[in-house]
Amino acid sequence: MKARPKGKIALVYSSGVGRAVQPVLDSYALARALRGLADRAECGELLGAAVAVWTEAEGVEMRVAGLLERDIIKAHYAASRLVDALLYYDRDERG
C-alpha cells in the first residue's frame, strides 16, 4: 500500500486511506493513529518504519524499526520521500 498525495501532504491511517494534513493538537488522535500503525505492523502489513515525533519539551525523537533498521537503502529512500513531500507539498505528482 502506498500513499500518493495529490497536492497536499497526506497521512496514512490504519485504514490505509490518505487525508490532507490539518495539524490538530490532539494527543488522543495521535495515540489512535500510532496504535493503528502498530496494529498493522503486528499483522505483518507494515514491514519497517522511520518515525520522528515532537515532544512536549519541543524536542525531536526519532526511531527506526523493522526492515528499515536493517536496510539502510530503503530507510534512506523512505526518509527522502518524506522530505520531498514536506518540501514540495503544493506541487502535484507530475512535478
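Residues numbered from 1 in each chain as written. Predicted model: local features only at pLDDT ≥ 70, side-chain atom pairs only at ≥ 80, totals over all residues. Heavy atoms only, no water.

**Q** What is the right way to read the overall build of the protein from this model?
**A** Each helix and strand counted, the protein has three helices and four strands in total. For the protein, the α and β elements follow one another from N to C terminus as β-β-α-β-β-α-α. When each of the 95 residues of the protein is scored for burial, the buried share is 4%. In the protein, 26% of the contacts between residues at least 6 apart in sequence involve partners at least 24 apart. Carbon and sulfur atoms form 58% of the exposed surface of the protein, whose accessible area is close to 8200 Å². (Helix = DSSP H or I, 4+ residues; strand = E, 2+ residues; numbered from the N terminus. Buried < 20%, exposed > 50% of the residue type's maximum accessible area, 1.4 Å probe, protein only. Contact = heavy atoms within 4.5 Å. Areas by Shrake-Rupley, 256 points an atom, 1.4 Å probe, with all protein chains shown as cover.)

**Q** Sorry, what's going on with the confidence of the model for the protein here?
**A** Parts of the prediction with low pLDDT should not have their coordinates interpreted in detail. In this model, the protein carries an average pLDDT of 77, and 67% of its residues clear a pLDDT of 70 or more. No element of the protein has a lower mean pLDDT than strand S1 (residues 10-12), which averages 51, and none a higher one than helix H2 (residues 67-70), which averages 93. Within the model, the stretch residues 1-8 combines pLDDT values under 50 with 16 contacts to residues more than four positions away or in other chains. (pLDDT = per-residue confidence, 0-100.)

**Q** Honestly, the pattern of salt bridges in this entry has me stumped. Any pointers?
**A** Where side chains of opposite charge bring their charged atoms close, a pairing between them can arise. Evaluated as defined, the whole model comprises three salt bridges. Close ionic contact of Glu-61 with Arg-63 constitutes a salt bridge, the shortest N to O distance being 3.6 Å. For Glu-61, a relative accessible area of 38% puts it in the partly exposed group. According to the relative accessible area criterion, Arg-63 is exposed, its value standing at 54%. Of the charged contacts, one joins Asp-71 and Lys-74 as a salt bridge, the two residues approaching to 3.2 Å between their closest N and O atoms. (Salt bridge = Lys/Arg side-chain N within 4 Å of Asp/Glu carboxyl O.)

**Q** Help me out: how do you make sense of the pairing of strand S3 (residues 48-54) in this one?
**A** The two faces of a sheet get side chains in turn, since along a regular strand they alternate between them. Two elements, S3 and strand S4 (residues 60-66), share seven bridges in a ladder whose sense is antiparallel. Within S4, the residue paired with Ala-50 across the bridge is Val-64. Counting the residues in the hairpin turn of S3 and S4 gives five residues, including Glu-58, whose phi is positive at 60 degrees. (Pairing = 2+ DSSP bridges.)

**Q** Explanation requested: the environment of Leu-47 in the structure shown.
**A** Position of Leu-47 relative to the elements: it lies in the loop between helix H1 (27-42) and S3. Judged by relative accessible area, which is 60%, Leu-47 ranks as exposed. Considering only alpha carbons, one finds Leu-47 and Gly-66, 19 residues apart in sequence, at a separation of 5.9 Å. Beyond its immediate chain neighbours, meaning those up to four positions away, Leu-47 contacts Gly-66 and Leu-67.

**Q** Where do I start with H1 in this structure?
**A** One turn of an α-helix holds 3.6 residues; hence residues three or four places apart share an orientation. Between its terminal C-alpha atoms H1 stretches 22 Å, which fits the 22 Å expected from 16 residues at 1.5 Å a residue. Trailing H1 by a residue or two, Gly-44 shows a phi angle of about 90 degrees, which is positive. (Expected span 1.5 Å × (residues − 1).)

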